[in-house]
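Structure at a glance
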Amino acid sequence: MKRVSKNSDINIAVTAASYSGNKGAAAMLQSSLTQLYEIYGSKLNVKLMSVYPDADRKQVPFDFVEVVPATPEKLVFLAFPLAVIYKGLGWLPGMKALLGKNKIIAAYKDTDLVIDEAGISFSDNRGFVMNTYAFITMAVPKLVGVPVVKYSQAMGSFENFINRAYAKIILPKMELICARGEITMENLRSIGADKKAVICADGAFSMKDSPKAAEKVEDRVSKDAFFGGDVVGLSLSSVVDKKCRKLNINYRGIMVRFAQYLIKRGYNVLLIANAARMGSVKARNNDLMVCDDIYGRIGDKEHIRWYHEEMDAEEIREYIGRCRFLVASRFHAMIGALEKKVPVLLIGWSHKYKEVLDMFEIGAYASDYKEMKGMSGRDALKKLINDFKKLEKDEESIRESIDLHYDEVMESSEKNILEIGNVIEEVLPERKAKKFPDRLESEKYIGDFIECRRGYATDESIRKNAASGGVVTALLVSLLKSGDIDGAFVTKTVVRNGELTYESFIATDEETIKSCSSSIYMYMPLLKDIDKIRSFNGKVAVVLTPCQLKAFDAIINKDNGLKEKIVLKLGLFCSGNHLKEATLLSLEKAGLSLENADRLYYRRGAWRGKSTLCYKDGTEKDFSYEQTLCAYKNAYFFERKECMLCQEHFAKAADISFGDIWLKKMKKEPHKCTGVILRTGKGKELYEKCVNAGDITERHMSSADCLKGQKRALAFKYRAAKAKEDYYRKQGKNIKLDTSEKCLLPHRIAFRLAEMDRQFSEKHPDKLKKIPMKLIYYYMCLIRVLLSF
């Protein structure tokens, strides 16, 4: 069994749920994600397989959630056939990689567990289309080889032949089924799918209240005398409306007359849309049109309220909590009422309502819309009125019954995530590494860390000269402004008398710190300037490379006076350092002279960046970083010999580490981002202080993205390690590296080419100068390809 690092990512995909549209689904989703994050923290990465991707991207409240477009058309007609091929022909070389170009397949390939959060599935009265869709929703991840669990939901009955077949095929393959109640459990037993089933109350019960939503609702109701009276909430449903129309039941007319009856009785009526899609004229997951119609047909507007808007699930629950009674046709409006201890009367369409009310021993207050079949409108209204009168009459006993069972049901709801957590702990160690670097062994590469983030300097003037997102500079400037540091030990390039060199010093003002932005790709023995920190009277933050930080740590651990001055150690990702000759040759190839030059920016600007030589007269000359400096650097010309064997990449001795995120998806970001690894409590505290001050704009980043963004550098350090050991052993040198990663032929070739290039540039710089830059560039690309395996 694989050893899983304590900070390894937990990758979860959630299907059959969304924030937009059905707010019951949103409540379940909000509850599950909040609880999972409480358990796994920054390790948690969630892919929301969304049927409304554009709307969900606007509404998702968590930065660890990635919305993946998974509309029914894409799932059924594209992803499902591809998943079948994946399962049947995945053994063919390159087939899985090819099929992984599909976004849905790719999302599942990188997932540890799928949580199906359908409110109801495999129910006879849902029909062929919906049951087929439910089957495919679960089949796609299973075909890709991902375990699936079902969050608390109603299932069955299974009398229909096709529905029963679907359920018997797929449900026994679930790692866990959370049955919403006894009726569902009995249905599962009838098809032998109960072996991994447990009863858990609906997940939305454990959705936490939102202070923000409560404040928003309170602001509105406190200004409206309407809410000072007895309010009856009417949760209307486009689903029940559609089902009633098929049986010639005038659902809307009945609800209009019932609302008028309530108003005559002295009640105020609040219309509630527990499913809403603003701007859509489609009825699916959208109660707005039903509510609009009923509101428009009621003349007494003083005693009725209707808010035509898409509310958050927490906001809807707050309004329900202001009601004395709720009459609901939406299941999760009922859940909201029970959570708020509001007596509720149901007009529903399946056993899912009753089995939940049975948990509170109030199942008698659930009725099925079919009971109105064949009734006249007057008789149907009379039945509803009589049911409501019974609710009024039994109000006290209903409230007592809710109170009696309340804690037990809430605990049952929380059991959903406890059971799912047990499955995660079981499946994660068994998961096979699918690609290098394996995120389950993140600490081997990254070292100890708290969490990963990514972001950029909010100040555009800082980003302008930054190699990536300017976060290091923004952090130092912010800490200086707040008084947490008195100075920062920083470095910048300078040109003196036509010679390229560098300056390291302690910057004590914002502009000086900003002037040191951008990376430097030449060897600088910065620790020889350590006395500048010793002689400085104040608190200091230092910025160093991994090997320098390691040596610096050893020094300050023996020098308490120096150690006390260091507030923060910032480390930079490092794939290796190069001799100055790499830079000088790049300048020569670009046709630039250092005469009258002032400084060099190795890389700044947009993706990849450009190099800029600045002159004393204020002029600047840009040249291609990618086809000069980058080409020599990544082909290992002029690489320092020590760096060829170094496996320290992420500055493990730092409080915070920073570096690039070389991922294709980052090209689409409006601002280039810096990868951030928060390692110590002190580092995290100061970083968050700067974020809260508005100096850094940032969000969650998975450790997998951190690793993948440096994949080629890590491949050279780890996958080529065995090739390095073998090479030096033949020379009679005994070196010891971490060779746990599999070294393939491409990695051996890449190392031999890199070592050949290093030696060639050291021994024959004049010959190297004669090789065309284009050839060097394409040759570098070849090495990068070899390191991509």
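Read on for an overview of the structure. (Residues numbered from 1 in each chain as written. Predicted model: local features only at pLDDT ≥ 70, side-chain atom pairs only at ≥ 80, totals over all residues. Heavy atoms only, no water.)

1. Observations concerning the overall build of the protein
The test is simple: Strands here are runs of E lasting at least two residues and helices are runs of H or I lasting at least four, both read from the DSSP assignment and numbered beginning at the N terminus. Exposure categories follow from relative accessible area, calculated using a 1.4 Å probe and restricted to protein chains: below 20% of the type maximum is buried, above 50% is exposed, and the middle band is partly exposed. Working rule for contacts: check all heavy atoms of both residues, and any pair within 4.5 Å makes them a contact. In this description, accessible areas are obtained by the Shrake-Rupley approach with a 1.4 Å probe, and a residue is regarded as covered only by the protein chains that are shown. When charges are counted, Lys and Arg are positive and Asp and Glu negative, with His and the chain ends excluded. For charged residues, the charge sits on one atom: NZ in Lys, CZ in Arg, CG in Asp, CD in Glu.
When you go through the protein residue by residue, the secondary structure sums to 34 helices and 27 strands. Taking the principal axes of its C-alpha atoms as reference, the protein extends roughly 100 × 60 × 45 Å. Looking at the 789 residues of the protein, the share that counts as buried comes to 59%. Counting contacts in the protein only where the partners sit at least 6 residues apart, residues at least 24 apart contribute 72% of the total. Approximately 33100 Å² of the protein is accessible, and the part contributed by carbon and sulfur atoms is 52%. A gap of 7 Å separates the mean positions of the 128 positive and 104 negative side-chain charges of the protein.

2. Re the nonpolar core
Under the convention used in this document: For our purposes a nonpolar core is just a set of buried Ala, Val, Leu, Ile, Met, Phe, Trp, Tyr and Cys residues, chained together by side-chain atoms within 4.5 Å.
One finds Leu234, Phe258, Met334, Leu338 and Phe388 to be the most contacted residues of the largest nonpolar core, which totals 117 residues. Examining the composition of this core, we find that 11 residues originate from one element, helix α17 (residues 395–430), more than from any other. Grouped together as the second largest cluster of nonpolar side chains are 86 residues, Leu500, Ala597, Ile661 and Met701 included.

3. Regarding unusual backbone geometry
The linkage connecting Gly156 with the following residue, Ser157, adopts the cis geometry, with an omega of 0°. Its location among the elements puts Ser157 in the loop between β7 (148–155) and α7 (161–170). Even without glycine at this site, Asn285 takes up a positive phi of about 55°. Along the chain, the position of Asn285 falls in the loop between β12 (275–276) and α12 (288–296). Given a relative accessible area of 15%, Asn285 falls into the buried group. Although it is not a glycine, Asn497 adopts a positive phi angle of roughly 50°.

4. As for the pairing of strand β10 (residues 231–236)
Note the threshold: Only strands joined by at least two bridges in the DSSP assignment are considered to pair.
Burial analysis of β10 places 6 of its 6 residues in the buried class, which makes it a mostly covered element. Here β10 shows a buried face lined by Val231, Gly233 and Ser235 and a second buried face lined by Val232, Leu234 and Leu236. Bridge count for β10 against strand β14 (residues 325–328) is 4 bridges, and the pairing is parallel. Note that in β14 the partner of Ser235 across the bridge is Ala328.

5. Concerning the sheet that holds strand β15 (residues 344–348)
Threshold: Lines fitted to the C-alpha atoms define the axes, with helices restricted to the stretch that makes contact. Angles between their N-to-C directions range from 0 to 180 degrees.
Read across the open sheet, the 6 strands follow the order β13-β11-β10-β14-β15-β16; overall the sheet is parallel. The sheet is open, and its two edges are formed by β13 (304–305) and β16 (366–368), each paired on a single side. Pairing geometry for strand β11 (residues 268–273) and β13, over 2 bridges, is parallel. Looking at β13, one finds that Leu270 is bridged to Arg305. Against the sheet, helix α16 (residues 377–393) engages β10, β14, β15 and β16, with an angle of about 150° to β15.

6. A look at the sheet that holds strand β23 (residues 610–615)
The strand order across the open sheet built from 3 strands is β22-β23-β24, with neighbouring strands paired in antiparallel fashion. Edge positions in the sheet fall to β22 (597–604) and β24 (620–623), since each of these pairs with one other strand and no more. Averaged over all pairs of adjacent strands, the angle between strand axes in this sheet comes to 15°, irrespective of strand direction. Direction of pairing for β22 relative to β23: antiparallel, over a ladder of 5 bridges. When the bridges of β23 are listed, Leu600 appears paired with Leu613.

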